[in-house]
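Listed here are the chains, written in short residue letters.
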Amino acid sequence: MGVAILIILIPFLTFAIILSKGKGAFLIAGYNTKSDSEKALYDEVALCKFMGKTMYGISFSILLFALSEMWDKQVLFIIGLILILTIIIFALVYTNTGNRFKKKV
């Protein structure tokens with residue numbers, strides 16, 4: 001089972017690498033559905049880099065899930081679960097408040 005989780009980790013790391021380079025905005029749900037005029041209001045590179053960092057955190061959490069399964073240590077799973085929930089809640093709040101990724105005029 002741990003090997004299957006590691007296989008699931010591969011696309012997450014791939015997306016993290018693409019996004020951290022400031023590319024791949026089409027991978028961000030919500031952003032890719034906006035019209036071109038709405039997309040022009042956002043700093044796409046900054047948004048991609050932030051989401052890339054978020055994806056690295058999620059990838060690390062998935063790695064903890066795999067290690068928990070391989071080493072039979074439930075504490076790693078609990079740490080990974082708390083970490084992934086914290087990262088997701090933080091990312092949702094951070095991206096949706098304060099107009100952080102809007103271009104400055």
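As recorded in an unreviewed UniProt entry, the protein goes by DUF3784 domain-containing protein and comes from Heyndrickxia vini.

Caption draft 1: The overall build of the protein, seen in detail. Within the protein one finds 4 helices and 0 strands. What you see in the protein, going N to C, is helices and strands ordered as α-α-α-α. The principal-axis extents of the C-alpha atoms in the protein amount to approximately 55 × 25 × 20 Å. Here the protein holds 105 residues, and the buried ones make up 31% of them.

Caption draft 2: Layout of unusual backbone geometry. Positive phi, close to 55°, is recorded for D72, a residue that is not glycine. Tracing the sequence through the fold places D72 in the loop between helix 3 (44-71) and helix 4 (74-96). Accessibility expressed as a relative area gives 70% for D72, which makes it exposed. One non-glycine residue, N99, lies in the positive phi region at around 50°. By secondary structure assignment, the location of N99 is in the segment after helix 4. Taking relative accessible area as the criterion, N99 reaches 54% and is therefore assigned exposed.

Caption draft 3: Looking closely at the nonpolar core. Counting 20 residues, the largest nonpolar core has L19, I28, L47, M51 and I58 as the members making the most contacts within it. The set of elements that each furnish at least two residues to this core consists of helix 1 (2-20), helix 3 and helix 4. No other element matches helix 3, which puts 9 residues into this core. Beyond its immediate stretch of four places on either side in the chain, L47 contacts I28, Y31 and F101.

So, how was this worked out
- Residues numbered from 1 in each chain as written.
- Predicted model: local features only at pLDDT ≥ 70, side-chain atom pairs only at ≥ 80, totals over all residues.
- Heavy atoms only, no water.
- Helix = DSSP H or I, 4+ residues; strand = E, 2+ residues; numbered from the N terminus.
- Buried < 20%, exposed > 50% of the residue type's maximum accessible area, 1.4 Å probe, protein only.
- Core = buried A, V, L, I, M, F, W, Y, C linked by side-chain atoms within 4.5 Å.
- Contact = heavy atoms within 4.5 Å.

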